[in-house]
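Here's the letter readout for the chains.
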Amino acid sequence: MFNVSTKTQYGLRAMVRISQAGEDGVCVADIAQLEGISPKYLEGIVANLRSSGLVLSQRGKNGGYRLARQAQNISMLELITALEGSITPVACCDSGQGCSKSQACMPSRFWNGLKERIDDFLSTTSLADVQAMNEVSRSH
């Protein structure tokens with residue numbers, strides 16, 4: 001079964017809130033309260049996003065986080081990779097060496113094809129796309 005980690009779910013929710021705040025930015029405490037997430041846990045997630053260059057931080061009275069670039073220029077692949085590292089349906093997809101069965105692994109093409117499709121979908125889906133999907137679902 002494929003599962004998206006809580007860390008990634010919270011990270012995406014935080015990125016949507018940061019995007020909605022625009023140039024004004026938003027602080028972690030406000031995001032945490034709006035989303036019902038532990039501020040301490042969320043601070044670690046946002047720190048990963050900052051170190052990956054997806055968000056910028058500003059200290060001070062009017063400080064907070066804002067997107068490092070426009071939402072349409074931030075892919076879901078970048079976001080998930082920033083929080084989880086490489087995405088792999090099975091461990092051998094990213095090892096570069098394959099598994100111990102190597103060429104005799106009959107489903108290896110399947111797993112590699114699945115990884116390619118996941119990567120393609122995530123790399124062509126932006127934060128702006130996710131926001132638009134949310135807006136469409138709320139209007140129905």
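Before reading further, recall that the structure is shown in the block above.
What you see is a predicted model; the values in this text were computed from it and never measured. The written sequence of each chain sets the order in which its residues are numbered from 1. Local features in this predicted model are restricted to residues whose pLDDT is 70 or higher, and side-chain atom pairs enter the listing and the counts only when it is 80 or higher, whereas totals over whole chains, interfaces and linings include all residues. Only hydrogens and water are set aside when side-chain values are computed; all heavy atoms of the structure are taken into account.

(A) Examining the pairing of strand β1 (residues 55–58) more closely. Bridge count between β1 and strand β2 (residues 64–67): 4 bridges; the pairing is antiparallel. Looking across to β2, one finds that Gln58 is bridged to Gly64. One bridge is not enough; two strands pair if DSSP finds at least two bridges between them. Secondary structure follows DSSP: runs of H or I at least 4 residues long count as helices, runs of E at least 2 residues long count as strands, and numbering of each begins at the N terminus. Here β1 folds back onto β2 in antiparallel fashion, the turn holding 5 residues, of which Gly60 has a positive phi close to 110°.

(B) Just the layout of surface pockets, in detail. Only protein atoms enter the 1 Å grid used here, on which a cavity is any set of points holding a 1.4 Å probe that cannot leave and a pocket is any open set flanked by protein within 12 Å on both sides along at least five of seven lines; residues with an atom within 4 Å of a point are listed as lining. Grid points are joined across faces, edges and corners, and a volume is the space filled by probe spheres set on the points. Within this model, the largest pocket holds a volume of roughly 570 Å³. Lining the largest pocket are 22 residues; nearest its centre among them are Asn3, Val4, Ile80, Ile87 and Leu122. Looking at the lining of the largest pocket, the elements with two or more residues in it are α1 (6–21), α4 (76–84), α6 (108–123) and α7 (127–139). For the lining of the largest pocket, the element with the highest residue contribution is α4, accounting for 4 residues. A per-class count over the lining of the largest pocket returns 13 nonpolar, 8 polar and 1 charged. Under the convention adopted here, Pro, Cys and the residues Ala, Val, Leu, Ile, Met, Phe, Trp and Tyr are nonpolar, Asp, Glu, Lys and Arg are charged, and Gly plus all remaining residues are polar.

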